[in-house]
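Listed here are the chains, written in short residue letters.
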Amino acid sequence: MNLFRYYHSPATFAYSDRGFTVQMILPDEERDLETVDLAFTVDGNGQSGMLRMLPVDGLVLEESFSVYAATVSADALREGERLTYRFLREGEESTEYSVALTDAPDPSNVIERADLAAPAILPIAPFGRVRLASGDLSICFAVAGRERDLPTVYVKEDGAFVPYVAEPSKAGAYAVTVPFERLSRMTRLEYYIEARGEIYTASLGNADVPCVTRITDNAGPAILSTYPTEGQMLENERTPEIKLEYFDISGVNLKTSILCVDGRNVSAAANWEQGCVTYRPEKALALGEHTLEVSLRDRLGNRTYQKVTFVIADGTEGKARAGSRLGRRLSKIPTVPIRAAKLIAGAVSTLKDIFSAKE
């Protein structure tokens, strides 16, 4: 018994006295029509049968797919407790699915037959491992059927599933974005998708058995905050406590991480901890522009570099003088946020002894 390639999202329930349409998505594989059957049994009333599934729609993404459907009649489901079914194709059969049956809603609530089908979900990405160096993660999927609401992706973060409402793409699919800052705190990606029709909700995975994708840590530590911040002016603060907060799921290697102020390696004088590093200059900093540079390595060897420019000012005159010079320089820098996932590409370091022992 071989499992053939198909995509199906079982409904969360079905009504026991209304016809229920089962949908699945099948790759076309350069054939016009597949012979697919739906074999079903109904617990509670002893009904069973075999239905031919026929194509009802097609969608074209990176490949060509068709939506196949078959409807289990209301007579077969009436007074039943649970619907169990599987797909058959040319001697192959699918996983078995089971859906609880429940009483129908208020009979006055008239719903078109086409709306009695639960949507089917086609996952598009991610496949294989997720790599942190790629930055933000996009979870993409397509939905076949008539959705009542935008689908929702539930991503496990800090032990709980967090909902992300999907946005439609130009290609007719859906996507949600998991920010790098959250992704970098995971050792694996766990999620499930729900698409709600007029009556039924289909789910790709669930909270008990989610979709799971491994995450590869190939990005340097994420720098969460710095003090001073880029372009910040410190007035009458000649010996500021410099502080950087960072995080890496693999842990930061403090022995190979470096902190420099104005091009001078001050790593040995700084206070290094797993989540942050602090440093207070022994001598007062001169008025004007200063630089702060940090190079962090995690325990896997991945590196992150960041440079911060700030100004020490003394009163209105110093602020105006230093601010004018820094303002002209900063106006030439694009205001694009720095992401740890971009690593060190394109950065110009002034750390002359970046690979040497700390002072």
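See the structure above.
Asker: How would you explain the overall build of the protein chain if you had to name every residue and give the values?
Answerer: The number of helices and strands found in the protein chain is three helices and 27 strands. Across the 359 residues that make up the protein chain, the buried fraction comes to 45%. Carbon and sulfur atoms provide 48% of the accessible area of the protein chain, an area that totals close to 18,400 Å².

Asker: Please give an account of the pattern of salt bridges that cites residues and values.
Answerer: Going through the model one piece at a time under the given rule, you end up with seven salt bridges. For Asp-75, the salt bridge goes to Arg-78, with nearest N and O atoms at 2.7 Å. Residue classification places Arg-78 among the partly exposed positions, given a relative accessible area of 38%. A salt bridge links Arg-86 to Glu-93; the shortest N-O distance between them is 3.3 Å. A relative accessible area of 23% places Glu-93 in the partly exposed class. Here the salt bridges do not stand alone but share partners, grouping Glu-34, Arg-89 and Glu-92 into one network.

Asker: I'd love a proper account of the packing of aromatic side chains, names of residues and values included.
Answerer: On inspection of all chains with the given rule, the structure shows 12 aromatic pairs. Ring geometry for Tyr-85 versus Tyr-97: centroids 5.6 Å apart, planes at 25°, classification stacked. A residue pair is termed long-range when its members are at least 10 positions apart, and Tyr-85 in strand 6 (residues 82-89) and Tyr-97 in strand 8 (residues 97-102) qualify at 12 residues. Seen in terms of ring centroids, Phe-141 and Tyr-174 are 5.8 Å apart; in terms of plane orientation they differ by 25°. Their pairing is stacked. Placement of the pair is Phe-141 in strand 11 (residues 137-144) and Tyr-174 in strand 15 (residues 174-178), with a sequence separation of 33 residues. Tyr-174 shares its class with Phe-141; the two are buried. Aromatic ring contacts, followed pair by pair, group Tyr-6, Tyr-85, Phe-87 and Tyr-97 into a single cluster. Lying across the ring of Phe-247, Arg-185 places its NZ or CZ 4.0 Å from the centre.

Asker: Residue-level account of the side chain of Thr-152, with values.
Answerer: For Thr-152, the position within the fold is in strand 12 (residues 152-157). Not counting residues within four places of it along the chain, the set of residues in contact with Thr-152 comprises Pro-163, Tyr-164, Tyr-192, Ile-193 and Glu-194.

Asker: I'd like to hear about the nonpolar core, residue by residue, with values.
Answerer: Counting 29 residues, the largest nonpolar core has Phe-20, Met-24, Tyr-85 and Phe-87 as its most contacted members. Contributions of two or more residues to this core are made by strand 1 (14-15), strand 2 (20-27), strand 3 (36-43), strand 5 (64-72), helix 1 (74-77), strand 6 and strand 8. Counting residues in each nonpolar core, the second largest holds 26 residues, with Val-130, Phe-141, Val-155 and Leu-183 among its members.

Asker: Could you give me a rundown of the sheet that holds strand 15, with the residues and numbers involved?
Answerer: Taken in spatial order, the four strands of this open sheet run 9-11-15-14, and their pairing is antiparallel. Only two strands of the sheet have a single neighbouring strand rather than two, namely strand 9 (120-125) and strand 14 (167-168). The pairing of strand 9 with strand 11 spans five bridges and is antiparallel. Residue pairing across strands places Ile-121 opposite Val-143, the latter belonging to strand 11.

Rules of the game
- Residues numbered from 1 in each chain as written.
- Predicted model: local features only at pLDDT ≥ 70, side-chain atom pairs only at ≥ 80, totals over all residues.
- Heavy atoms only, no water.
- Helix = DSSP H or I, 4+ residues; strand = E, 2+ residues; numbered from the N terminus.
- Buried < 20%, exposed > 50% of the residue type's maximum accessible area, 1.4 Å probe, protein only.
- Areas by Shrake-Rupley, 256 points an atom, 1.4 Å probe, with all protein chains shown as cover.
- Salt bridge = Lys/Arg side-chain N within 4 Å of Asp/Glu carboxyl O.
- Phe/Tyr/Trp six-rings, centres within 6.5 Å; stacked < 30°, edge-to-face > 60°.
- Lys NZ or Arg CZ within 6 Å of the ring centre and 35° of its normal.
- Contact = heavy atoms within 4.5 Å.
- Core = buried A, V, L, I, M, F, W, Y, C linked by side-chain atoms within 4.5 Å.
- Pairing = 2+ DSSP bridges.

Nothing here speaks to function; it is all geometry.
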